[in-house]
Structures are given as structure tokens and as C-alpha cells.
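Per-entry structural report
This is what each chain is made of:
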Amino acid sequence: MKRIPYILAASLALLSCTNTEYMDFEEIDPVLVLNAQMTSGEDVHDIYLSISRRSRITPATGGSVSVSLGGAAPQALTGTESEYGNSVIFPFEKELRSGDVLVINASCGGLKAACTLTVPDAPEVKDVSFEEDVPHATASSEGFFGFGYSEDTPFWEGYPFSPEAWHLLQIKLQDAPGRDDYYRLSLFVETTLTGPDGNSETHRQGSIWPDIKSDPVLSPASSGSGGLIDELFSDSNSLMLFTDELFKDKEYTLKLYIPEYQLLYNRKYDGEWVWNEETGEYTVSGLPEGYSYSACIVARVHSMSHDQYIYLKALGLNELSFLFSEPVSIPSNVEGGMGFAAVDAVREFRIPLTD
């Protein structure tokens, strides 16, 4: 696995100096950059193509991408320049399954890049349970910031729980025997508004960040394998990565304490906020007649390759790069160019929220 020097910390360190020096770099030969983070179970996967030089990165305008799945003839993809203007996005429409082998080839001008990916086995999840309003030692007010908080006129009146309540999501895993496994957890809220005609709109509302320090496997202090990158990463595990080191070949139940303030606003449908001239207050329009509304927690357990695990840990470390003087190295698995492409295998579960 190649590594790309990703220099961010050094530039940030200049901000603390009294004298700033500007350095000019000679242009280097351009390199084609291919990136993709794909997930089994989804039917559309975005592949990003850029051209990198020492001083800038630009979209691979006029580039091409093809994907071959399971030895079949390559499928040419159609690209669209991203709204941020630094890459061209090539959607690949196919549901991926464990064991599938993808070969991605990209080109732009005389530049070429390629990679081969195998979809890993999906994690084995034996049980998922969710218990609302449970005791928890950590004070949720640390993350609540007191938005709208008032004991006299609580804004959550009519909601089932106070924003200071905690809920417990438990996910029982069975680790595959005889191998090292790498996992990631992702949680978010999803809401659905259904009209009288039966048509519905579903929206992802935002990620959920449980108290990961309460679980030994997810806790930043024990979520790695003890190497140097783990030591540097010990202050954060924002991507909720973990290995099977503490439960190799065994069952393990993740215990995730979720604060209510992250769920509260999505439990009910408020509608539009309208200014009331008579009362001098904003009111909400509420649920339209004939409509129904529901909200749920979507819990995903990802399994991944070792290279993907290291790549994601490096990205998380880069978030903390301002703490270090050395640059962060981002892995690359692209031949002939740079970048990183991977496919996670996922088990997904939906837990309805009380309204």
C-alpha cells in the first residue's frame, strides 16, 4: 500500500508564527487522482476523478471512468463536475454484494489510474435492541449548550423525553473466526413524511454521536492495535472505528449511550415557523391534514479491509493535525495515480423513535 504525504499541519503551524515566509514550488508532472467510498446495499456509488499538481487540484475535465464487475465487460460511466469544482463525479449504478470484484480504470489525457476492489463479507449482527430513558453517568448538558433550555418554559413540552435523557442502543456482534476484522459504526436519524395519496418523502436529518467513551471497544484509548498511529489517534474516534482485538472469534455487545438532545427535534413534525403578529411569537404550522410522519434511528455496522481501516484512521488523524508538527500520511491504493477507493460491507437496522 502506497502512502501520500499530506501536508496540512505545517501550514497551520505558520499561523502561530510572528513572521510568515512564502515559498514557491516548481510544478511537478500532474497525477490522476481517483477516490471512491462505496457501500454494499446501496445502488449508486460515486467515483471522483481529479488532477493533482504540487500547488493545486483541478477537475479531470474530459476524463473517463469504466468499471468491470465480476469479470464482465467494462461499463463506461458518465461524469459530472462537482459543485465544489475540484473533481468530476462518475456515478456507478449497481448494488454490490460480498465477494464482488470491481476493476476501476480511469484516464484523462495521457494520465491513467486503476484499482481492483473486493467487497468484504458483511458483519454478523445477532441482535439489536434500543431502550429509551436509561440511567447514564455522563451529563448530557455538556453537549446540549442550553439551546432553548428553561425550567420555567421548557421548549420540549409535549415531547416524550427531556433533552437531558439518555437512551441505550445495544448491538450484538459475532466476530468471524480465524481472521483479523475491522469495523466501523455509523448512526443517523431518518424521517419520513407521507401524504394522503400514499407518496412519501424520506430525508436523512443528521448524524448521531453516542458517548463512545462508555464502550471499551469504541473508546479512543482502546480502539486501535497499539501502534504509533493509534497513539496519535488516541484523543479522537469520530468515525467510530474499531477492531476485533478485544473480542476475537467471540460475541460482543456494543453499548451505545445516545443523548436525547440529538433526537428531540426529529421526533415530531413541526412544519414551517410562522410569525404571529398578535402574540409577537413564532408558531409552527404542524402536520398537514391527512399526512403522517415517522422518525427512526438508522444504525449501520460496516466491515472493511485493513487498508480501508488505516485510511479512515489517517483521515481522522488529519482532523487533529494541528496538534502535530509532522505531516499526516494518507494511504493510496491506486495504481498509476493517487487516491484511495474502497467498498464497505454493511448491515443496516432501523429503530423507530417514540413521538
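Heads up: these notes are all about the structure in this document. Since we're looking at a predicted model, the values are computed, not measured.

Let's talk about the environment of T58
Looking at the element boundaries, T58 is found in strand β4 (residues 57–59). Considering only alpha carbons, one finds T58 and N86, 28 residues apart in sequence, at a separation of 4.8 Å. Excluding residues within four positions of it along the chain, T58 makes contact with S50, I51, R53 and N86.

A word on the packing of aromatic side chains
Counted according to the given criterion, the structure contains seven aromatic pairs. With centroids separated by 5.1 Å and ring planes inclined at 40°, the aromatic side chains of Y182 and Y309 adopt a geometry described as tilted. Pair noted here: Y182 is in strand β13 (residues 182–194) and Y309 is in helix α5 (residues 306–319), with a separation of 127 residues, a long-range link. Its relative accessible area of 15% is what places Y182 among the buried residues. Looking at Y309, the relative accessible area reads 3%, which means it is buried. For the ring pair Y269 and Y293, a centre distance of 5.6 Å and an interplane angle of 55° mean the geometry is tilted. A residue pair is termed long-range when its members are at least 10 positions apart, and Y269 in the loop between α4 (264–267) and β17 (273–276) and Y293 in strand β19 (residues 292–304) qualify at 24 residues. What makes Y269 partly exposed here is its relative accessible area of 29%. Among the aromatic side chains, those forming a connected cluster through ring pairs are Y183, F242, F247 and Y252. Sitting over the face of the ring of F188, R204 holds its NZ or CZ atom 3.9 Å from the ring centroid.

Some details on the sheet that holds strand β6 (residues 75–76)
Here we have four strands laid out as an open sheet, ordered β6-β5-β9-β10, and antiparallel in their pairing. Strands with a single pairing partner mark the edges of an open sheet, and in this sheet they are β6 and β10 (111–118). In this sheet, strand β9 (residues 101–108) lies alongside strand β5 (residues 64–69) in antiparallel orientation, the contact comprising six bridges. Opposite L69, over in β9, you have L102 as the bridge partner.

Conventions used here
- The residue count restarts for each chain, going from 1 along the sequence in the order it is written.
- At least 70 in pLDDT is required for a residue's local features to be given in this predicted model, at least 80 for side-chain atom pairs to be given and counted, and no such filter applies to totals for whole chains, interfaces and linings, which use all residues.
- Side-chain metrics rest on all non-hydrogen atoms present in the structure, leaving aside hydrogens and water.
- Every helix listed is a DSSP run of H or I at least four residues long, and every strand listed is a run of E at least two residues long, numbered separately from the N terminus.
- Pairs of residues are marked as contacts when any of their non-hydrogen atoms sit within 4.5 Å.
- Centres within 6.5 Å make a pair out of two Phe, Tyr or Trp rings, where for Trp the six-membered ring is used; the pair is then stacked when the planes are under 30 degrees apart, edge-to-face when over 60, and tilted otherwise.
- Categorising residues by exposure relies on relative accessible area from a 1.4 Å probe, with only protein chains included: less than 20% of the type maximum marks a residue as buried, more than 50% marks it as exposed, and the intermediate range marks it as partly exposed.
- The rule is short: NZ of Lys or CZ of Arg within 6 Å of the ring centre and within 35 degrees of the ring normal puts a charge over the ring.
- Any two strands are treated as partners once DSSP identifies two or more bridges connecting them.

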